[in-house]
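Structural features, examined
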Amino acid sequence: MKNVMPRVAAIHDLSGFGRCALTVVIPVLSAMGNQVCPLPTAILSTHSGGFDNFTFSDFTGGMEAYAGHWKELGIKFDCIYSGFLGSAEQIGIVSRFIDDFGTGRRSSEGECLVVVDPVMGDDGILYKTYTEEMKNLMKNLIKKAAVITPNYTEACFLTGSDYKIEPLDKPEVEAMLKELCSKGPEMAVITTVNLRGSGFINAGYSRREDRFCFVGYNPVPASYPGTGELFASVFTGRLLKGSTLKEAIQKATDYVSQTAAITYRYGTPAREGVMLEKTLKFLIPEDDVQNNRDTRDPQHRQDAQNAQGTPDSQDKREDAQGSHDIPKDGCPEEAYYESAFSRTVEMVGGNGIKILRESRICILGIGGVGSYAAEALTRCGIGNFTLIDPEDIDISNINRQIHAMENTIGRPKVEVMKERMLQINPYIHVRTIKKKYLPGSPENPDINEFSYIVDAIDDITAKADLAEKAYKEGIPMISSMGAGNKMDPSLFEAADIYDTSVCPLARAMRRELRKRGVMKLKVVYSKEEPLECGGKAPSSISFVPSAAGLVIASEVVRDLIKED
């Protein structure tokens with residue numbers, strides 16, 4: 001029988017100072033609504049990365065008696081989650097613990113989800129305390145796990161693969177994930193993978209569903225201890241709530257990225273770990289928050305008014321100039337969103353802005369249409385972007401592309417657009433890929449990681465390939481049709497591709513999509529007859545592609561929040 005509140009046996013070391021291991025695992029899983037029962041492997045005054053003369057107390061000798069008492073009490077666990085293990089003896093103890101308490105090691109076969117984070121090394125090197133015997137024992141331990149979360153170095157050691165400094169190709173990552181799952185686990189996630197053409201990603205595979213998931217992120221220019229435990233803890237918490245592999249990886253990636261970015265902006269010394277205290281509130285399930293607010297209780301209402309002020313006083317604070325200069329709850333990101341997007345919230349509502357903030361938009365083509373779409377979506381509060389374009393800004397772009405200026409000529413379009421977007425909202429996540437989208441290329445991102453795809457590229461074959469993939473995977477997508485040789489911005493509208501007329505590009509797309517069996521595709525097009533301008537390339541003027549980009553942004557936002 002499941003516990004009312006999921007109960008997690010967390011087998012990690014405990015450091016008194018420096019956020020890692022149990023000082024990360026306990027608050028994160030607790031905030032996500034789980035009862036955490038720690039089984040310490042060692043007790044340290046600080047963690048071992050960046051601190052000298054720390055004290056260390058090995059708890060190996062007490063672990064089995066500790067677990068034995070739990071067994072006598074008949075305690076049942078919904079999850080067993082192990083991290084760094086300091087000796088061969090400890091790996092053996094954890095293996096026996098799983099045998100005793102893991103009644104059905106797989107999430108689909110029993111009551112206990114077994115998660116092993118095989119903390120063994122980094123940067124291609126085993127930790128100094130790790131021996132060949134321990135490495136082999138860890139290979140046996142993961143056979144008892146439903147889920148494993150190695151970093152790239154650890155995945156290499158577990159599969160016997162060569163560690164590569166250069167970026168990996170997508171098939172290499174997929175092969176490594178399958179190899180890990182062939183050893184026993186149902187699911188494997190490899191963190192901090194440098195994927196060719198995409199940058200850093202966290203990659204997962206579900207053996208039962210035979211499905212991969214790649215989620216990109218932009219690392220901050222600092223290395224913090226404990227981020228591995230942070231990812232694995234959020235990931236585990238999401239699985240316990242019934243999330244899919246894709247959802248769990250995305251949420252964990254987003255949370256680690258957000259927390260690391262806030263920590264970096266505060267200038268916190270890296271060895272102290274990430275400032276998860278600033279972001280734990282984002283992990284608390286909304287339903288739990290609402291259930292704890294019994295508004296029928298007069299005392300609760302009075303307490304809430306005392307804490308937050310009456311509606312009138314709240315309005316006065318909102319109207320006061322500079323009222324958001326002081327970070328709410330010490331978190332500048334929350335204060336920024338409250339202030340910068342307050343008028344958007346009036347339009348879309350509080351849940352609407354939350355949906356936009358959590359959405360992940362891929363924009364292919366950062367030219368006249370794509371740059372304006374990116375600008376507008378950023379100003380709507382979208383929180384996560386992937387920008388794809390192979391070109392640098394040219395002087396001929398100045399007449400119609402929002403990021404094209406004299407001082408940006410010669411620079412990559414995606415990088416200039418990213419800088420502009422971060423000047424609008426410094427808290428968004430923007431991944432850039434300076435590549436051309438090529439059908440079938442392993443460097444293309446996994447479209448399943450996106451909430452919405454914006455196609456603003458010109459190549460018909462690439463547009464059709466992207467539309468086919470989005471159609472088959474059920475990913476919302478909008479495609480820009482022809483904006484060249486046109487003068488009337490008021491004639492742009494959104495429609496299904498099969499309801500379009502006049503536009504030559506739309507006509508060609510209809511033919512191509514019929515061949516591929518694509519039965520629908522939202523597009524933005526104009527019924528204006530193209531002008532005969534005589535140039536080799538389509539002619540353009542500032543107010544036409546910009547209008548198309550703004551119509552696209554409008555459709556994206558309205559589609560994302562229409563379920564709200």
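How each quantity is defined
Residues numbered from 1 in each chain as written. Predicted model: local features only at pLDDT ≥ 70, side-chain atom pairs only at ≥ 80, totals over all residues. Heavy atoms only, no water. Helix = DSSP H or I, 4+ residues; strand = E, 2+ residues; numbered from the N terminus. Buried < 20%, exposed > 50% of the residue type's maximum accessible area, 1.4 Å probe, protein only. Contact = heavy atoms within 4.5 Å. Areas by Shrake-Rupley, 256 points an atom, 1.4 Å probe, with all protein chains shown as cover. Pairing = 2+ DSSP bridges. Axes fitted to C-alpha atoms, helices over the stretch in contact; angles between N-to-C directions. Parallel < 35°, antiparallel > 145°, perpendicular 65-115°, else oblique. Left-handed = near helix turned anticlockwise from the far one by under 90°. Nonpolar A, V, L, I, M, F, W, Y, C, P; charged D, E, K, R; others polar. Right-handed = clockwise from strand over helix to strand, strands pointing away. Polar contact = N/O pair within 3.5 Å; in protein donor to acceptor, adjacent residues only side chain to side chain. pLDDT = per-residue confidence, 0-100. Phe/Tyr/Trp six-rings, centres within 6.5 Å; stacked < 30°, edge-to-face > 60°.

Some points on the overall build of the protein chain
Along its length, the protein chain carries 18 helices and 18 strands. Within the span of the protein chain, comprising 564 residues, buried residues form 50% of the whole. For the protein chain, contacts bridging at least 24 residues in sequence account for 70% of all contacts bridging at least 6. Roughly 25,800 Å² of accessible area belongs to the protein chain as shown, and the carbon and sulfur atoms make up 50% of that amount.

Quick notes on the sheet that holds strand β15 (residues 452–455)
Two modes of strand pairing occur in sheets, parallel and antiparallel, and in both the strands are linked by backbone hydrogen bonds. In space, the seven strands of this open sheet follow the order β14-β13-β12-β15-β16-β18-β17, with mixed pairing throughout. Of all strands in the sheet, those bounded by a partner on one side alone are β14 (429–433) and β17 (492–496). Strand-to-strand, the axes of this sheet are offset by a mean angle of 20 degrees, without reference to chain direction. Note: β17 against strand β18 (residues 522–526), five bridges, orientation antiparallel. Bridge assignment links A494 to a residue of β18, and that residue is V524. Most of the contacts of helix α16 (residues 460–473) go to strand β16 (residues 477–480), to which it runs at about 165 degrees, and overall it touches β12 (360–364), β15 and β16.

Structural notes on the packing of α16 against helix α17 (residues 504–516)
As a packed pair, α16 and α17 sit with axes 10 Å apart at the nearest point and diverge in direction by 50 degrees. It follows from the interaxial angle that α16 and α17 lie oblique. Seen from above, α16 lies across α17 with right-handed handedness. The residues of α17 that touch α16, namely those facing I460, T461, K463, A464, D465, A467 and E468, are L505, A508, M509, E512, L513 and R516. Tallied by class, residues from the contact of α16 with α17 come to seven nonpolar, one polar and five charged.

Quick notes on the sheet that holds strand β4 (residues 79–82)
Sheet architecture is open: nine strands sit in the order β3-β2-β1-β4-β5-β8-β9-β10-β11, paired in mixed fashion. Taken across any chain shown, the strands that pair with only one partner, and hence form the sheet edges, are β3 (56–58) and β11 (211–216). As defined by bridge partners, strand β5 (residues 113–116) adjoins strand β8 (residues 147–148) across two bridges and the pair is classed as parallel. Bridge assignment links V116 to a residue of β8, and that residue is I148. Along the sheet face, helix α1 (residues 22–31) touches β1 (7–17), β2 (35–46) and β4 and points at about 135 degrees away from the line of β1. The strands touched by helix α3 (residues 88–101) are β1, β2, β3, β4 and β5; relative to β4, the strand with the most contacts, the crossing angle is about 175 degrees.

Regarding unusual backbone geometry
With a phi close to 50 degrees, A21 is a non-glycine residue in the positive phi region. Checked against the element boundaries, A21 lands in the loop between β1 and α1. The phi dihedral of N485 is positive, around 60 degrees, even though this residue is not glycine. Along the chain, N485 falls in the loop between β16 and β17.

Remarks on the pairing of β14
A large share of β14 lies buried, amounting to four of its five residues. Relative to β14, strand β13 (residues 384–388) is paired through five bridges, and the arrangement is parallel. Among the inter-strand pairings, N384 is bridged to a residue of β14, identified as H429. Between the parallel pair β13 and β14, the chain is carried across by helix α15 (residues 413–424), and the sense of this crossover is right-handed.

Section: the side chain of S359
Positionally, S359 belongs in the loop between α13 (342–358) and β12. What makes S359 buried here is its relative accessible area of 4%. Engagement of the side chain of S359 in a polar contact is seen with the backbone oxygen of I355, the distance being 2.7 Å. When sequence neighbours within four positions are dropped, the list of residues in contact with S359 reads I382, G383, N384, S451 and L560.

A few points about the confidence of the model for the protein chain
Summing up the model confidence of the protein chain, the mean pLDDT is 88 and the portion of residues at 70 or higher is 89%. A low-confidence stretch, residues 104–109 (pLDDT under 50), is modelled with 23 contacts involving residues beyond four sequence positions or located in other chains. Of the regions scoring below 50 in pLDDT, residues 289–330 engages in 27 contacts with residues more than four places distant in sequence or in other chains.

Here's the deal with the pairing of β4
Neither face of β4 is left uncovered, since the one carrying C79 and Y81 and the one carrying I80 and S82 both have all their residues buried. Taken together, the four bridges between β1 and β4 define a ladder with parallel strand orientation. Note that in β4 the partner of I11 across the bridge is S82. Judged from the four bridges that link them, β4 and β5 form a sheet pairing that is parallel. If you follow Y81 over to β5, its bridge partner there is V115.

A few points about the packing of aromatic side chains
Using the criterion set out here, one finds 15 aromatic pairs in the structure. Here the aromatic rings of F17 and F51 are separated by 5.8 Å at their centres, their planes lie at 85 degrees, and the arrangement is edge-to-face. In this pair, F17 is assigned in strand β1 and F51 in the loop between β2 and β3, connecting sequence segments 34 residues apart. Judged by relative accessible area, which is 11%, F51 ranks as buried. Their ring planes at 35 degrees and their centres at 6.3 Å tell us that F200 and Y217 sit as a pair that is tilted.

Quick word on the environment of V414
Positionally, V414 belongs in helix α15. Put simply, V414 and I366 are 48 residues apart on the chain and 6.6 Å apart in space, counted from C-alpha to C-alpha. The residues contacting V414, other than those within four sequence positions of it, are I366, L387, I388, D389, T432, I433 and K434.

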